[in-house]
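Listed below are the residues making up each chain.
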Amino acid sequence: MRDITFFYDPISPYAHLAFERLPETLMGHSVAVRYKPVLFAALLKANGQLGPAEIPAKRAWTYRQVAWLAHHHGVALDLPAAHPFNPLPLLRLGLACALEDAPGETNRYVTEQLFHHVWRGGLDATDPARLAALQARMQDHMVQREKPWHAPDSEVVKQRLRANTDEALALGLFGVPAMVVDGRVFWGFDALPMLRAYLDGDAWFQGGAWEAAASTPEGVKRR
């Protein structure tokens, strides 16, 4: 069995799309997926980048593209009432449900609840009443599992998110979704076919092309 770590932030529509299509990508393979929420904004800041929705000329195209991709792949996706937004309450709520033996992970049900909160219904992801309702569902989920619950604003939960984000940065991640398997990083929704090919044993990955791409010299560097 292989381990795949799925780094995500529910603010990303591409992460939502990848989450929904991941089971199909992994079909036929014995894998364990570890879902790890990270603060996308921290990855952007560390790499000196803006998110696609923060670039005025790219903003409308981003929403058009994700709407088309959802339509094309049969994934339910409604743009939220406002985007981007502050995802910290959702990230912390997810990690409030993490178990002690996997403190940085959210199970698939919890991860799905976070994504659906944002990308289903076209509602305000930061609405206090909606967040309270989501928290009640998460608490009930933990009660049913007979597992402890940590308050989302507790220091233990905040530290879990910091640790996940630090781990992502240490791996060289610059965006979400990012899927890591065998030390290889597959970034973006459109990397799912590439991930599938790797799991299928495509010979391309053994021919040196993966490594050669990283050694391409820079011709010019903008300052």
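The coordinates are above.
It should be emphasised that the depicted structure is a prediction, and the values quoted were computed from it without experimental measurement.

A. Structural context of the packing of aromatic side chains. Tallied over the full model, the rule gives twelve aromatic pairs. Ring centres of Phe 6 and Tyr 8 lie 6.1 Å apart, and the angle between their planes is 35°; this geometry places the pair in the tilted category. By relative accessible area, which is 0% here, Phe 6 ends up buried. The buried category is assigned to Tyr 8, whose relative accessible area is 0%. Judged by centre distance (5.7 Å) and plane angle (40°), the rings of Phe 186 and Tyr 198 are tilted. Here the residue Phe 186 occupies a position in strand S4 (residues 184-187), and Tyr 198 occupies one in helix H8 (residues 192-199), the gap between them amounting to twelve residues. Taken together, Phe 6, Tyr 8, Phe 19, Tyr 35 and Phe 115 form an aromatic cluster joined through their ring pairs. The residue whose ring lies beneath Arg 108 is Phe 19, and the NZ or CZ to ring-centre distance is 3.7 Å.

B. Looking closely at the environment of His 29. Position of His 29 among the secondary structure elements: in the loop between helix H1 (13-26) and strand S2 (31-37). By relative accessible area, which is 25% here, His 29 ends up partly exposed. Considered as a pair, His 29 and Arg 196 are 167 residues apart in the sequence and their alpha carbons are 9.3 Å apart. In this view, His 29 contacts Arg 196, Leu 199 and Asp 200; residues no more than four positions away in its chain are not counted.

C. Fine view of the packing of H1 against H8. One can describe the packing of H1 onto H8 by two numbers: an axis separation of 10 Å at closest approach and a directional angle of 25°. By the angle between their directions, the pair H1 and H8 is classed as roughly parallel. Where H1 crosses over H8, the two elements pack in a sense that is right-handed. Only Leu 192, Leu 195, Arg 196 and Leu 199 of H8 make contact with H1, whose side of the interface consists of Ala 18, Arg 21, Leu 22, Glu 24, Thr 25 and Leu 26. Of the residues belonging to the contact of H1 with H8, the class tally is six nonpolar, one polar and three charged.

D. Highlighting the side chain of Thr 5. Structurally, Thr 5 is set in strand S1 (residues 2-8). Relative accessible area serves as the criterion here: at 13%, Thr 5 is assigned to the buried category. Contact partners of Thr 5, with chain neighbours within four places excluded, come to Arg 34, Lys 36, Ala 178, Met 179 and Val 180.

Quick notes on the rules
- Residues numbered from 1 in each chain as written.
- Predicted model: local features only at pLDDT ≥ 70, side-chain atom pairs only at ≥ 80, totals over all residues.
- Heavy atoms only, no water.
- Phe/Tyr/Trp six-rings, centres within 6.5 Å; stacked < 30°, edge-to-face > 60°.
- Buried < 20%, exposed > 50% of the residue type's maximum accessible area, 1.4 Å probe, protein only.
- Helix = DSSP H or I, 4+ residues; strand = E, 2+ residues; numbered from the N terminus.
- Lys NZ or Arg CZ within 6 Å of the ring centre and 35° of its normal.
- Contact = heavy atoms within 4.5 Å.
- Axes fitted to C-alpha atoms, helices over the stretch in contact; angles between N-to-C directions.
- Parallel < 35°, antiparallel > 145°, perpendicular 65-115°, else oblique.
- Left-handed = near helix turned anticlockwise from the far one by under 90°.
- Nonpolar A, V, L, I, M, F, W, Y, C, P; charged D, E, K, R; others polar.

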